[in-house]
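Notes for the structure review
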Amino acid sequence: MATKFTPLHDRILVRRVEEADTTRGGIIIPDSAKDKPQEGEVISTGKGKINEEGKVRPLDVKEGDRILFGKYSGTEIKIDGEDFIIMREEEVLGVLSGAEKKVTAGSRR
């Protein structure tokens, strides 16, 4: 990513993780039948949420975390031709640990 993007406050920038093109049984799933994945990698985070006392509470997620989020969470954006989602930390359902690395959407590795 050539452009540096830093979310504000309690927002995070997420890149979706692609789902497999085939099932375990070997059935190929066409693009038209796929749902958008609800798993992603945190690319960058804001400083945190400001509480009633005016103090900043740091975010629980950090760059590089694998997360799960709701189907309609966040706002889809495009930066340098690559698709990302900006969402608030409260839209994150959980952090995955020990998950195998998958190919992320838009970046074939």
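Here's a quick rundown of the structure. Starting from 1, residues in each chain are numbered consecutively following that chain's sequence as written. Totals for whole chains, interfaces and linings use all residues, but because this is a predicted model, local features are given only for residues with pLDDT of at least 70 and pairs of side-chain atoms are given and counted only at 80 or more. To get the side-chain values, take all heavy atoms of the structure and skip hydrogens and water.

**So, unusual backbone geometry**
For residues that are not glycine, phi is negative in most cases, and the peptide bond is trans in most cases. Our working rule: Strands are runs of DSSP state E lasting at least two residues, helices are runs of H or I lasting at least four, and both sets are numbered from the N terminus onward. Burial classes follow relative accessibility: with a 1.4 Å probe on protein chains only, a residue under 20% of its type's maximum area counts as buried, one over 50% as exposed, and anything between as partly exposed.
One non-glycine residue, His9, lies in positive phi territory at about 55°. Residue position: His9 is located in the segment before β1 (11–16). Residues other than glycine seldom take positive phi values, yet Asp80 does so here, at roughly 50°. When you line up the elements, Asp80 lands in the loop between β6 (75–79) and β7 (82–88). What makes Asp80 partly exposed here is its relative accessible area of 48%.

**Focus on the pattern of salt bridges**
Which entries qualify depends on this criterion: Here a salt bridge means any side-chain nitrogen of Lys or Arg lying within 4 Å of a carboxyl oxygen belonging to Asp or Glu.
Enumeration according to the criterion identifies nine salt bridges in this entry. Arg88 is the partner of Asp10 in a salt bridge, and the nearest nitrogen-oxygen pair spans 2.7 Å. One end of the pair, Asp10, is in the segment before β1; the other, Arg88, is in strand β7, and 78 residues separate them in sequence. The class for Asp10 is buried, based on a relative accessible area of 4%. With its nearest N and O atoms 3.1 Å apart, the salt bridge here joins Glu89 to Arg57. Within this pair, whereas Glu89 is found in the loop between β7 and β8 (92–96), its partner Arg57 is found in strand β4 (residues 56–57), the two being separated by 32 residues in sequence. We classify Arg57 as partly exposed; its relative accessible area is 38%.

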